[in-house]
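The residues making up each chain are set out below.
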Amino acid sequence: MRHVARASVLAVTCLSLAACSDGDGKSDPQPSPYTALKFGQTADTAGADGRGTARITPETIVYVDKAGAEAPEHDLFAVVTFKAGNPAKDSVRTTATQGGFRWKTPDGKTIKAGNSEPAGSIAPIGFNDGGGKPTVRADTYQVNTVAFDLTTVEKGGTLVYVDGDGAAFRWKVPSTSSGPTAKALKSALKRGDSVDGTGLAAELPGLAREAG
């Protein structure tokens, strides 16, 4: 059974998710000072607009210097898979498509997910439930990815997720590729599989995933 991090809601400095990042994808929103969780631990977070609860679990991190035909603008892509669970009887939306995920570098910079056009286009089959949309149906979970375009020295940072109440949750990210699906994810990225392709989805069990 996974550890579930529960915390009271704290306000963040940014008044909106969109205001936390500037045009080049780097900023410092100074999120709430929660103790960083271990990568793979689960956090109960508020859904978008503060409605419902989304259980967010970052599961796998891979570092690659290419994703299909896409090359990073910097040195590499850091691709994180995360599980979004919904234990309730009503649908919930995460803030993943509203700038909820950021990467805090070892030197203190904050980089938003999809901070380059190539990083924003990464959506590997088997890791893109619901077409990457943020809505999680009742009593289910889905697995999606977020990608960051980084320099080599920015590996091994901290993953930050800001929820619908403005509370920030942090996970220390390994500096090398790791996680239960790292091999499969690297394979999908190498082949350039996307939501329009075929292949990996058939290799992985249950894209219609029930919570529990």
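Residues numbered from 1 in each chain as written. Predicted model: local features only at pLDDT ≥ 70, side-chain atom pairs only at ≥ 80, totals over all residues. Heavy atoms only, no water.

Caption draft 1: Structural context of the pattern of salt bridges. On inspection of all chains with the given rule, the structure shows three salt bridges. The closest approach of N and O atoms between aspartate 49 and arginine 93, which form a salt bridge, is 2.8 Å. Taken together, the positions of aspartate 49 in the loop between β4 (42–46) and β5 (53–64) and arginine 93 in strand β7 (residues 92–93) put the pair 44 residues apart, joining distant regions of the chain. Assessed through its relative accessible area of 54%, aspartate 49 is described here as exposed. Classification of arginine 93 as partly exposed rests on a relative accessible area of 32%. Lysine 83 serves as the salt-bridge partner of glutamate 59, at 3.8 Å between the closest nitrogen and oxygen. Taken together, the residues glutamate 59 in strand β5 and lysine 83 in strand β6 (residues 76–86) connect sequence positions 24 residues apart. An identical accessibility class is assigned to glutamate 59 and lysine 83; each is buried. (Salt bridge = Lys/Arg side-chain N within 4 Å of Asp/Glu carboxyl O. Helix = DSSP H or I, 4+ residues; strand = E, 2+ residues; numbered from the N terminus. Buried < 20%, exposed > 50% of the residue type's maximum accessible area, 1.4 Å probe, protein only.)

Caption draft 2: Inspection of the pairing of strand β12 (residues 158–162) at higher detail. The element β12 is largely enclosed, with a buried count of five among its five residues. With burial as the criterion, each face of β12 is covered, one bearing Thr158, Val160 and Val162 and the other bearing Leu159 and Tyr161. Taken together, the four bridges between strand β8 (residues 101–104) and β12 define a ladder with antiparallel strand orientation. Looking at β12, one finds that phenylalanine 101 is bridged to tyrosine 161. Two strands pair when backbone bridges link them, and β12 and strand β13 (residues 168–172) are joined in this way by five bridges, in the antiparallel orientation. Counted as the bridge partner of threonine 158 is lysine 172 from β13. With antiparallel pairing between neighbouring strands as the criterion, β12 and β13 make up a hairpin whose turn holds five residues, including glycine 166 at a positive phi of roughly 85°. (Pairing = 2+ DSSP bridges.)

Caption draft 3: Geometry of the packing of aromatic side chains. This model, assessed by the stated rule, comprises four aromatic pairs. When the ring of tyrosine 63 is compared with that of tryptophan 103, the centres are 6.4 Å apart and the planes differ by 85°; the resulting orientation is edge-to-face. Placement of the pair is tyrosine 63 in strand β5 and tryptophan 103 in strand β8, with a sequence separation of 40 residues. The burial state of tyrosine 63 is the same as that of tryptophan 103; both residues are buried. A centroid spacing of 4.8 Å and a plane angle of 50° characterise the contact between phenylalanine 101 and tyrosine 161, whose relative ring orientation is tilted. With a gap of 60 residues between them, phenylalanine 101 in strand β8 and tyrosine 161 in strand β12 connect regions that are remote in the sequence. Each member of the pair phenylalanine 101 and tyrosine 161 is classed as buried. Grouped by ring-pair contacts, the aromatic residues Tyr63, Trp103 and Phe148 constitute a single cluster. (Phe/Tyr/Trp six-rings, centres within 6.5 Å; stacked < 30°, edge-to-face > 60°.)

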